[in-house]
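Next come the chains, spelled out residue by residue.
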Amino acid sequence: MPAQFRRLILVNRKRCYMRKHASGENTWTYEIRFRKDGYNISASGKTIELAKANMLEKMKTAKPKAATMNGYIAGIPTVFGEFALYYFEKFRQPKITEKTYENDLRRLNNHILPAIGKKELSKITPTDCELIINKLKSAGKGKTADEVRSLLSVTFKGAIAHGIIERNPIAIVPHIKHEHQHGTALTREEE
């Protein structure tokens, strides 16, 4: 937690964090924040009392983010494997060729689902993604590693668009594209 949010106060029997912002030469603005149990509430005021009053008002009307129910949010799967299949069928398949779709499904089933297929999307870490990619690279499958990384990225972007997760775990995994080896043209003598 950032140092400026470490001051703990109680508002409506909830543990909230408060910080103070300079808003002029000798004036301050106080911000109070509560982020827990699906809530993400923030309120501010020129005095601590005013900030608390604003926070109480916001707490009365705040609703928690949709909780998952048996691995679903409003009919959308939240488990990676189920979401990936849902996303591929509904959104990815119409945009790509049949051959690309088959290859993507093969990569998904062979490399991604065995590692993180049963994990909740919100519980997948960059380390999980990095392990999948490093395993492929160490096996000498650089092109497959690039394609798996691309599939992970597009799937996580779909989950962000659906409001299931807030950040793409693969985004901070360092990416070094593997070097392609191209053939050389035959000379006249070789022909």
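One can find the structure itself at the top, above this paragraph.
Residues numbered from 1 in each chain as written. Predicted model: local features only at pLDDT ≥ 70, side-chain atom pairs only at ≥ 80, totals over all residues. Heavy atoms only, no water.

Regarding its fold elements, the protein presents 5 helices and 6 strands. Moving toward the C terminus, one meets the helices and strands of the protein in the order β-β-β-β-α-β-β-α-α-α-α. By residue count, 34% of the 191 residues in the protein fall in the buried class. A separation of at least 24 residues holds for 45% of the contacts in the protein among residues at least 6 apart in sequence. Here the protein has roughly 13,100 Å² of accessible surface; of this, 51% comes from carbon and sulfur atoms. (Helix = DSSP H or I, 4+ residues; strand = E, 2+ residues; numbered from the N terminus. Buried < 20%, exposed > 50% of the residue type's maximum accessible area, 1.4 Å probe, protein only. Contact = heavy atoms within 4.5 Å. Areas by Shrake-Rupley, 256 points an atom, 1.4 Å probe, with all protein chains shown as cover.)

Counted according to the given criterion, the structure contains 7 salt bridges. Residue R19 pairs with E31 through a salt bridge whose shortest N-O separation is 2.9 Å. Here R19 is found in strand 2 (residues 14-22), whereas its partner E31 is found in strand 3 (residues 28-36), with 12 residues between them in sequence. Of the two residues examined, R19 and E31, each falls in the buried class. A salt bridge links K143 to E147; the nearest nitrogen and oxygen atoms lie 2.7 Å apart. Note that K143 and E147 are positioned in helix 5 (residues 142-161) at a spacing of 4 residues, about one turn of the helix. Note on K143: relative accessible area 45%, which makes it partly exposed. Three or more residues joined by partner-sharing salt bridges are found here, namely R92, D104, R107, K143 and E147. (Salt bridge = Lys/Arg side-chain N within 4 Å of Asp/Glu carboxyl O.)

Each aromatic ring pair is summarised here by two numbers: the centre-to-centre distance and the angle between the ring planes. Under the definition given, this model contains 5 aromatic pairs. With centroids separated by 5.7 Å and ring planes inclined at 50°, the aromatic side chains of F80 and F156 adopt a geometry described as tilted. Here F80, found in helix 2 (residues 80-92), pairs with F156, found in helix 5; they are 76 residues apart in sequence, far enough to count as distant. For the pair shown, F80 and F156 are each scored as buried. Between F83 and Y87 the ring centres are 6.0 Å apart and the planes differ by 20°, which places this aromatic pair in the stacked class. With F83 and Y87 both in helix 2 and 4 residues apart, the pair spans about one turn of that helix. (Phe/Tyr/Trp six-rings, centres within 6.5 Å; stacked < 30°, edge-to-face > 60°.)

A word on the packing of helix 3 (residues 98-116) against helix 5. Orientation of helix 3 relative to helix 5, taken along the N-to-C sense of each, is 80°, at an axis distance of 10 Å. The orientation of helix 3 relative to helix 5 falls into the category roughly perpendicular. Of helix 5, the residues touching helix 3 (which contributes D104, R107, L108, H111, I112 and I116) are T144, E147, V148, L151 and L152. Partitioning the contact of helix 3 with helix 5 into residue classes produces 6 nonpolar, 2 polar and 3 charged. (Axes fitted to C-alpha atoms, helices over the stretch in contact; angles between N-to-C directions. Parallel < 35°, antiparallel > 145°, perpendicular 65-115°, else oblique. Nonpolar A, V, L, I, M, F, W, Y, C, P; charged D, E, K, R; others polar.)

What follows concerns the pairing of strand 2. Relative to strand 3, strand 2 is paired through 6 bridges, and the arrangement is antiparallel. Residue pairing in the sheet places Y17 in a bridge with R33 of strand 3. (Pairing = 2+ DSSP bridges.)

Tracing the backbone shows R107 in helix 3. Those residues in contact with R107 that sit more than four places away from it in its chain are I112, E147, V148 and L151.

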